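# Architecture at a glance
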Amino acid sequence: DSGVTQTPKHLITATGQRVTLRCSPRSGDLSVYWYQQSLDQGLQFLIHYYNGEERAKGNILERFSAQQFPDLHSELNLSSLELGDSALYFCASSPYQSSGANVLTFGAGSRLTVL
Amino acid sequence: AQKVTQAQTEISVVEKEDVTLDCVYETRDTTYYLFWYKQPPSGELVFLIRRNSFDEQNEISGRYSWNFQKSTSSFNFTITASQVVDSAVYFCALSDRYGGATNKLIFGTGTLLAVQP
């Protein structure tokens, strides 16, 4: 158990729907990162939050949004879902805001299937 | 541009064979960090090693060893006497600075290692 908790583990939904993925970081970690893993795109960085503030965006679609709450848990909201959004979504956490030395601790992922 | 290339898509070996996973990177930074992560069939990503750009010493941890060569921009990973439990997808990753300080990881496409009994 990495200490990063992601729910749900599996989610099946239909095109056009909206889902919310939840992440609780390791105790004491202030940074949360979201990554998307798909067969065609590999592991892609989506967004980074530190202590409630957005720090950077990567290849995140406008239909996707995220936030980090005062208790440091984070949610990734995916709306107007398309078949191509089917992927494994990872949350990772680390203690720090910056530093290239960050070791990210990953959760087990949330597997989203859009039918 | 920052980039990580893992040219080996799949490798299949028989148990007890040694295997080397290749990783080549491109970066504009003079200070950077390289990582290896393992993704077993269960799906989670597990951290294996972190190496900074100033430390070119090879590292050994049990059956695992890493060879970092700045001159060829490579950070290769060798498993000695492979075991079935080593079967997984292995990702090489590079830290990427943005916004002046904050980092994210850029991952290679991964190498699927299948160790046959």
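First, a word on scope: everything that follows refers to the structure included in this document. Fair warning: this is a prediction, and the values are worked out from it, not measured in the lab. (Residues numbered from 1 in each chain as written. Chains lettered and ligands numbered in written order. Predicted model: local features only at pLDDT ≥ 70, side-chain atom pairs only at ≥ 80, totals over all residues. Heavy atoms only, no water.)

## Details of the overall build of chain A
The helix and strand tally for chain A stands at 0 helices and 11 strands. Secondary structure elements of chain A, listed N to C terminal, follow the sequence β-β-β-β-β-β-β-β-β-β-β. On C-alpha atoms alone, chain A measures out to a radius of gyration of 13 Å, which is about the 13 Å that the 2.2 N^0.38 rule sets for 115 residues. By principal-axis analysis of the C-alpha atoms, chain A measures approximately 40 × 25 × 25 Å. A burial count over chain A gives 51% of its 115 residues as buried. Restricting to contacts in chain A with at least 6 residues of sequence separation, those with at least 24 account for 55%. In the structure as shown, chain A presents an accessible area of about 5,300 Å², 47% of it carried by carbon and sulfur atoms. Positive and negative charge centroids in chain A, built from 8 and 10 side chains respectively, lie 3 Å apart. (Helix = DSSP H or I, 4+ residues; strand = E, 2+ residues; numbered from the N terminus. Rg over C-alpha atoms; globule rule 2.2 N^0.38 Å. Buried < 20%, exposed > 50% of the residue type's maximum accessible area, 1.4 Å probe, protein only. Contact = heavy atoms within 4.5 Å. Areas by Shrake-Rupley, 256 points an atom, 1.4 Å probe, with all protein chains shown as cover. Lys, Arg positive; Asp, Glu negative; His and termini not counted. Charge placed at Lys NZ, Arg CZ, Asp CG, Glu CD.)

## Topic: the sheet that holds strand E1 (residues 5-7) of chain A
Residues and elements named next belong to chain A. One open sheet holds the 4 strands; their spatial order is E1-E3-E8-E7, and the pairing between them is antiparallel. The two strands at the open ends of the sheet, each matched to only one other strand, are E1 and strand E7 (64-68). Between one strand and the next, the sheet's axes are offset by a mean angle of 15°, whatever the strand orientation. In this structure, E1 lies alongside strand E3 (residues 19-24), joined through 3 bridges in antiparallel fashion. Pairing of Gln 6 across the sheet is with Cys 23, part of E3. (Pairing = 2+ DSSP bridges. Axes fitted to C-alpha atoms, helices over the stretch in contact; angles between N-to-C directions.)

## Some remarks on the nonpolar core
B:Trp36, B:Phe77, B:Tyr90 and B:Leu113 are the most contacted members of the largest nonpolar core, which has 24 residues in total. For this core, the element with the highest residue contribution is strand E10 (residues 88-98) of chain B, accounting for 4 residues. Among the nonpolar cores identified, the runner-up in size contains 20 residues, and A:Val4, A:Val19, A:Val32 and A:Leu78 belong to it. (Core = buried A, V, L, I, M, F, W, Y, C linked by side-chain atoms within 4.5 Å.)

## Some remarks on the state of the cysteines
A complete count under the given rule lists 2 disulfides over all chains for this structure. Between A:Cys23 and A:Cys91 runs a disulfide, and the two sulfur atoms are separated by 1.8 Å. Between A:Cys23 and A:Cys91, the S-S torsion sits near -50°, and that sign places the bridge as left-handed. Pair noted here: A:Cys23 is in strand E3 and A:Cys91 is in strand E9 (residues 87-94), with a separation of 68 residues, a long-range link. Comparing A:Cys23 with A:Cys91 shows no difference in burial state: the two are buried. Residue B:Cys23 pairs covalently with B:Cys92 via a disulfide, S to S 2.0 Å. Between B:Cys23 and B:Cys92 the disulfide shows an S-S torsion of about -65°. By sign, it is left-handed. Of this pair, B:Cys23 sits in the loop between strand E3 (19-21) and strand E4 (24-26) while B:Cys92 sits in strand E10, and the two are 69 residues apart along the sequence. An identical accessibility class is assigned to B:Cys23 and B:Cys92; each is buried. (Disulfide = S-S within 2.5 Å.)

As far as function goes, none of this settles anything; it's purely spatial.
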